[in-house]
Amino acid sequence: MAAPREPGGGAAFSRRADAERDPDPDPDPDPGRSPERRRLTAQVERAQRYRAFQRQLRGRNVLLALGIGAVTAAIYGYTFYSVSQERFLDELEQEAEAARARAWERQKSAAS
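Residues numbered from 1 in each chain as written. Predicted model: local features only at pLDDT ≥ 70, side-chain atom pairs only at ≥ 80, totals over all residues. Heavy atoms only, no water.

### Details of the pattern of salt bridges
- Inspection of every chain in the model, using the stated rule, returns two salt bridges.
- Across the pair Arg-39 and Glu-36 runs a salt bridge, and its minimum N-O distance is 2.8 Å. You can see Arg-39 and its partner Glu-36 sitting in helix H1 (residues 35-84), three residues apart, about one turn around the helix. By the burial criterion, Arg-39 is exposed, and Glu-36 matches it.
- A salt bridge links Glu-97 to Arg-100; the nearest nitrogen and oxygen atoms lie 2.7 Å apart. Taken as a pair, Glu-97 and Arg-100 lie in helix H2 (residues 88-111) at a separation of three residues, close to a single helical turn.
- Judged by its relative accessible area of 45%, Glu-97 is partly exposed. (Salt bridge = Lys/Arg side-chain N within 4 Å of Asp/Glu carboxyl O. Helix = DSSP H or I, 4+ residues; strand = E, 2+ residues; numbered from the N terminus. Buried < 20%, exposed > 50% of the residue type's maximum accessible area, 1.4 Å probe, protein only.)

None of the figures reported here should be taken as evidence of function without further support.
Below, the structure written as structure tokens:
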């Protein structure tokens, strides 16, 4: 039995595969499969990719929901904090009381 020769040497089985020069006309790794089996395999692979994509989206959606919830809670908390510090209504109420007292005094002094 003779050893295979170097590429370009002679025997066809010893030739190296060059993808650019000799593209494979049938890229199917298992050419013995029936067309129905190939379709089923492709369908299963698409379903698996879809499920993986859904898991990825679910993770993103959870992070987005947590982020939106955190921002909403922060705005809600800040609103309550800032409203609790507002004193202008108290000042207006004190000015109104003082104005009522002055009006009462004027009315009392005018009546006497």
